[in-house]
Amino acid sequence: MYEDGWIPTVCYQCKAECAILARVEDGVVKEVKGNPRGRGKACVKGMAGITSLYSSERLKYPMKRVGERGSGKFERITWDEAMGIMETKLTELRDRGEAHKFTYSMFPHSVTDPKWRFVNACGGFISTGLPHCDSAKIMAHMHTFGCFPNHHIAPMYNTVPKGGLMILSGRHPFGCLDDACVPKHILDAKARGAKLIVIDPIYRTEASKADWWIPIKPGGDASLFLGVCNYLLANDLHDKEFCDKWVREGDMESLKAYIADKTPQAMSKICGVPAADIEKLAKMVAEAPSACIDAFKSIMYGNGMDWGHAWSTFLVITGNLDNPGGQPLPEIAPMAPVEPVPAGPDLGELGYHRTGKNREKFDNYNFFLEPTWYAAQAIKDDGLKVFFASECNPALSEMGSGEWRKAVTMKDENGDYKLELLVVTEIMPSETMKWADLVLPDQTNFERWELLYMPWWYNFGHGTALCQPVVEPIGEARHANRVFIELGKRMFPEYFAFKDDVEYYDIELAGVGMSVKKLQENGGLWSPGTAGFRKYEDQGKFNTPSGKIELEWQMYKDIGQEWPSPELPLEYRRGEEEFPFILVNFRTIFLNNTGAWSQNNAQLRDPASGLDANPCLLNPIDAKKLGIADGDTVTMESGSGKVEVPIMLTEKIIPGCAGIIHGFGQTMGKVASRGNWIGDNELIADAGSTLDEQDMRGGEAHVSTRVKIYK
Ligand code: SF4
């Protein structure tokens with residue numbers, strides 16, 4: 001059935017989903033490289049995908065829990081039994097009128113993902129880790145210039161002209177979770193004469209390649225860029241022509257009034273960047289033919305919405321929207337709907353996030369996917385009864401993960417778990433699986449069909465890519481999409497009348513005159529090749545209520561959030577005496593911090609190379625004050641928890657900060673469990689349990705924190 005040779009498919013060792021070619025020999029994947037039709041790059045994690053495929057740790061058949069949740073003990077069951085357990089529980093929930101108490105935490109690969117369809121047909125909600133991640137940026141861009149959620153869309157570095165500025169702010173595109181061609185495009189642009197500026201409290205690969213590294217206090221980005229905007233406006237260095245034409249009437253005057261006191265001198269006191277450097281950056285921007293900012297999201301900050309608003313404002317007043325070297329606005333390929341389309345529940349009416357003492361405030365919460373961190377609170381309040389998880393790892397990789405683990409083991413007065421069913425689909429053992437009632441073995445990208453259609457992939461832009469099986473699946477593994485199409489057929493046949501996943505994708509692809517077969521013949525990729533620039537010129541408007549750019553978020557006046565606050569995140573502004581260090585939780589090229597696949601990849605967790613360790617990076621100035629030496633084991637403690645961690649002294653982190661890798665510390669699986677538990681999320685408060693502090697607009701609170709360090 002499967003051919004030998006170089007077969008196009010898609011990598012899924014991280015969510016960037018690069019187009020790759022897999023070399024198959026005698027039914028075995030031997031090698032992986034970037035697909036030249038999709039910009040031709042694969043990173044180290046992508047190449048190590050073969051190790052995941054053939055790992056002895058692969059989950060090969062469905063299992064159900066034996067013993068208590070969290071014991072990690074399972075027994076083998078059949079697929080039929082597993083499907084029956086899910087069908088029975090979901091039917092019972094619907095019969096009780098509680099269908100909305102079902103959530104599926106996933107990362108939809110396509111806006112028409114069949115898992116999403118299943119959840120809508122059920123009447124449940126999708127939840128994601130996005131609010132933990134970059135939803136603030138998405139919402140900020142949508143509010144300001146009405147573009148479709150802009151997730152992985154980095155600036156189009158391949159279009160940055162000579163002299164253009166590429167600004168990375170707390171962003172590590174050479175590090176991970178970014179399309180593998182981005183680093184090359186950045187370096188190519190540099191070679192053309194563009195400038196790379198890296199703003200970061202930590203000096204990593206990007207900083208080493210930069211023309212200018214600007215060390216900054218974590219979370220200081222909003223104040224820094226408000227200072228830049230102040231200087232540009234005060235000195236008439238902004239793009240007046242663009243603003244006169246496209247900014248809503250009155251907004252520029254309001255912005256000038258708001259920003260009048262956000263001088264470089266004033267902002268310097270907040271972000272720690274000298275005022276002269278803020279002015280220098282503003283002057284460089286004014287002289288450059290283009291400037292772009294990339295900040296999704298390597299270092300976690302809790303003021304993401306303010307930063308997203310300041311970032312959007314900067315792009316607007318410098319006229320850097322949908323221009324070469326600026327911020328691209330995505331186009332959307334018109335995929336055909338698979339009729340009939342289930343409507344899905346009304347989030348506003350039924351959302352299980354409407355829980356706790358501040359529920360009214362959440363009328364302002366308007367991100368369209370539920371954040372996973374509500375789950376813990378919702379379980380306690382009986383608002384959530386069934387939780388499914390695919391390609392996510394909330395027990396480890398989201399803030400307050402300890403609270404999540406506690407919530408899923410809470411029992412009612414009868415001694416039954418309050419959360420009635422927890423299902424996890426996984427390729428290899430994950431931390432979240434440890435707490436599951438049902439574990440469904442998933443397929444790797446080498447074994448499954450999948451249509452990747454998102455308008456924001458850097459690799460694909462306005463187009464689609466086909467993930468196709470290149471070898472026989474291992475064991476009884478089935479891809480989650482197939483499982484939920486099958487369950488949909490059993491429960492909602494009217495919405496699942498198509499034959500299988502391939503036919504489903506064929507229907508969608510008809511919208512762009514394609515099919516799965518044609519995509520295969522086309523090298524696995526399709527794009528109309530019409531991305532273009534300044535699309536708002538053709539449309540004559542932006543996709544906002546006024547049709548213009550809306551700098552002032554008038555709908556948030558009642559909560560005082562119509563302009564971006566320059567302040568550091570709340571968690572950095574309190575407890576400084578007891579917890580003197582700011583946690584910098586960064587990412588690395590060797591670890592997919594969200595999914596569990598690279599946690600148990602022996603190639604990526606090699607102890608000889610130190611890749612299975614997560615030392616705390618500390619500046620020698622701080623270490624001297626604490627009497628700590630390189631290699632010492634210390635306790636890192638916050639208001640929420642503590643971890644034991646070895647120290648690595650380095651001048652690559654600014655004094656006052658302590659750096660560890662985000663999403664590290666899995667205990668399940670032979671490879672991952674070699675490391676000690678050093679999870680950053682053990683230190684971070686659960687945002688769901690402190691809803692009064694949560695950002696109401698789709699941003700995130702509690703993604704970092706202050707810590708103390710002692711021997
Ligand atoms: S960036 Fe992600 S998707 Fe791309 S090759 Fe690397 S691991 Fe695979």
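Cut-offs applied
- Residues numbered from 1 in each chain as written.
- Predicted model: local features only at pLDDT ≥ 70, side-chain atom pairs only at ≥ 80, totals over all residues.
- Heavy atoms only, no water.
- UniProt positions renumbered as here; feature names shortened; annotations may be inferred.
- Helix = DSSP H or I, 4+ residues; strand = E, 2+ residues; numbered from the N terminus.
- Rg over C-alpha atoms; globule rule 2.2 N^0.38 Å.
- Buried < 20%, exposed > 50% of the residue type's maximum accessible area, 1.4 Å probe, protein only.
- Contact = heavy atoms within 4.5 Å.
- Areas by Shrake-Rupley, 256 points an atom, 1.4 Å probe, with all protein chains shown as cover.
- Lys, Arg positive; Asp, Glu negative; His and termini not counted.
- Charge placed at Lys NZ, Arg CZ, Asp CG, Glu CD.
- Pairing = 2+ DSSP bridges.
- Domains from an automatic or database assignment.
- Near = heavy atom within 4 Å.
- Nonpolar A, V, L, I, M, F, W, Y, C, P; charged D, E, K, R; others polar.
- Salt bridge = Lys/Arg side-chain N within 4 Å of Asp/Glu carboxyl O.
- Axes fitted to C-alpha atoms, helices over the stretch in contact; angles between N-to-C directions.
- Parallel < 35°, antiparallel > 145°, perpendicular 65-115°, else oblique.
- Left-handed = near helix turned anticlockwise from the far one by under 90°.
- Phe/Tyr/Trp six-rings, centres within 6.5 Å; stacked < 30°, edge-to-face > 60°.
- Lys NZ or Arg CZ within 6 Å of the ring centre and 35° of its normal.

Naming follows an unreviewed UniProt entry, where the protein chain appears as Formate dehydrogenase of Desulfovibrio ferrophilus. Listed under Sequence similarities (unreviewed entry) in UniProt, the entry text for the protein chain is "Belongs to the prokaryotic molybdopterin-containing oxidoreductase family."

**Student:** Any chance you could explain the overall build of the protein chain here in plain terms?
**Tutor:** Along the backbone of the protein chain there are 22 helices and 24 strands. The C-alpha radius of gyration of the protein chain comes to 24 Å, within 12% of the 27 Å expected for a compact globule of 711 residues. With the C-alpha coordinates aligned to their principal axes, the bounding extent of the protein chain is approximately 70 × 60 × 50 Å. Of all 711 residues assigned to the protein chain, the portion counted as buried reaches 65%. Across the protein chain, the fraction of contacts at a sequence separation of at least 24, relative to all contacts at a separation of at least 6, is 75%. When the accessible surface of the protein chain is summed, it comes to about 24200 Å², and 50% of that surface belongs to carbon and sulfur atoms. Where the 78 positive side-chain charges of the protein chain centre and where its 96 negative ones centre are 3 Å apart.

**Student:** Hey, could you run me through the pairing of strand β22 (residues 642-649) in this one?
**Tutor:** Here is the key point about a regular strand: its side chains alternate between the two faces of the sheet. Strand direction decides the pairing type here: strand β20 (residues 616-618) and β22, joined by three bridges, are parallel. Its bridge partner lying in β22, Cys616 is registered against Ile647. Bridge count for strand β21 (residues 633-637) against β22 is five bridges, and the pairing is antiparallel. Across the sheet, the residue bridging to Thr633 is Pro646, located in β22. In this antiparallel pair of consecutive strands, β21 and β22, the connection spans four residues.

**Student:** Just checking my understanding: could you explain the domain arrangement of the protein chain for this structure?
**Tutor:** The figure often quoted for interface size is the accessible area lost as the parts come together. As assigned here, the protein chain comprises domain 1 (1-54 + 444-476 + 513-537), domain 2 (63-129 + 347-442 + 479-497), domain 3 (134-330) and domain 4 (570-710). For domain 1 and domain 3, the distance between their C-alpha centres works out to 31 Å.

**Student:** What is the right way to read the site of the ligand from this model?
**Tutor:** Contacts to the ligand come from Cys11, Gln13, Cys14, Ala16, Glu17, Cys18, Ala42, Cys43, Lys45, Gly46, Asp178 and Ala180. Looking at the shell around the ligand residue by residue, the class counts come to seven nonpolar, two polar and three charged.

**Student:** What is the right way to look at unusual backbone geometry in this model?
**Tutor:** Glu339 connects to Pro340 through a cis peptide bond whose omega is -10 degrees. Structurally, Pro340 can be placed in the loop between α13 (304-317) and α14 (347-350). In this structure, Arg39 takes a positive phi of about 75 degrees despite not being glycine. Mapped onto the elements, Arg39 comes out in the loop between β3 (28-34) and α1 (44-47).

**Student:** Can you walk me through the pattern of salt bridges in this structure?
**Tutor:** Any two side chains of opposite charge can pair, so long as their charged atoms come close to each other. Within this structure, the stated rule accounts for 39 salt bridges. The partner of Glu25 in a salt bridge is Arg23, with the nearest N and O atoms 2.5 Å apart. Taking the relative accessible area as the measure of exposure, Glu25 reaches 34% and is therefore partly exposed. Note on Arg23: relative accessible area 22%, which makes it partly exposed. Residues Lys411 and Glu68 are paired through a salt bridge, measuring 2.9 Å at the closest nitrogen-oxygen approach.

**Student:** I'm lost on the sheet that holds β22 in this one. Help?
**Tutor:** Backbone-to-backbone hydrogen bonds join strands into a sheet, with any given pair of strands oriented parallel or antiparallel. Pairing is mixed around the closed barrel formed by six strands, whose spatial order is β19-β23-β20-β22-β21-β24. On average, each strand axis in the sheet is tilted by 45 degrees relative to the strand beside it, whichever way the strands run. Here two bridges tie β20 to strand β23 (residues 657-661), and the two strands are oriented antiparallel to one another. Its bridge partner lying in β23, Leu617 is registered against Gly659.

**Student:** I'm lost on the packing of helix α5 (residues 135-145) against α13 in this one. Help?
**Tutor:** Two numbers describe a pair of packed helices, the interaxial angle and the distance between the axes. Between α5 and α13, whose axes approach to 8 Å, the crossing angle comes to 45 degrees. In terms of their interaxial angle, α5 and α13 are classed as oblique. Viewed along their axes, α5 and α13 form a crossing whose handedness is right-handed. In contact with Ala136, Lys137, Met139, Ala140, His141, His143, Thr144 and Phe145 of α5, α13 contributes Gly304, Met305, Gly308, His309, Trp311, Ser312, Leu315 and Val316.

**Student:** Before we go on, may I ask you to explain the pairing of strand β14 (residues 421-426) in this structure?
**Tutor:** The element β14 is extensively covered by neighbouring structure, given that six of its six residues are classed as buried. Burial of the side chains of β14 extends over both faces: Leu421, Val423 and Thr425 are buried on one face and Leu422, Val424 and Glu426 on the other. Sheet topology places strand β13 (residues 386-390) next to β14; five bridges connect them, and they run parallel. By the bridge assignment for β14, Val386 is matched with Leu421.

**Student:** Before we go on, may I ask you to explain the packing of aromatic side chains in this structure?
**Tutor:** The description of two aromatic rings rests on the distance between their centres and on the angle between their planes. Taken as a whole and judged by the stated rule, the model has 22 aromatic pairs. A ring pair is formed by Tyr258 and Trp563, whose centres lie 5.5 Å apart and whose planes are at 10 degrees; its orientation type is stacked. On the criterion of sequence distance, the pair formed by Tyr258 in helix α10 (residues 251-259) and Trp563 in the loop between α21 (535-539) and β19 (581-586) is long-range, its members being 305 residues apart. Pairing Trp553 with Tyr556 gives two aromatic rings, centres 6.2 Å apart and planes at 70 degrees, and the pair type is edge-to-face. The exposure class assigned to Trp553 is buried, which follows from its relative accessible area of 0%. What links up through ring pairs into an aromatic cluster is the set Phe102, Tyr104, Phe118, Phe388, Phe484 and Phe492. A cation over an aromatic ring shows up here: Lys33 above the ring of Trp6, its NZ or CZ 4.2 Å from the ring centre. In this structure, Arg117 is placed above the aromatic ring of Phe496, and the distance from its NZ or CZ to the ring centre is 6.0 Å.

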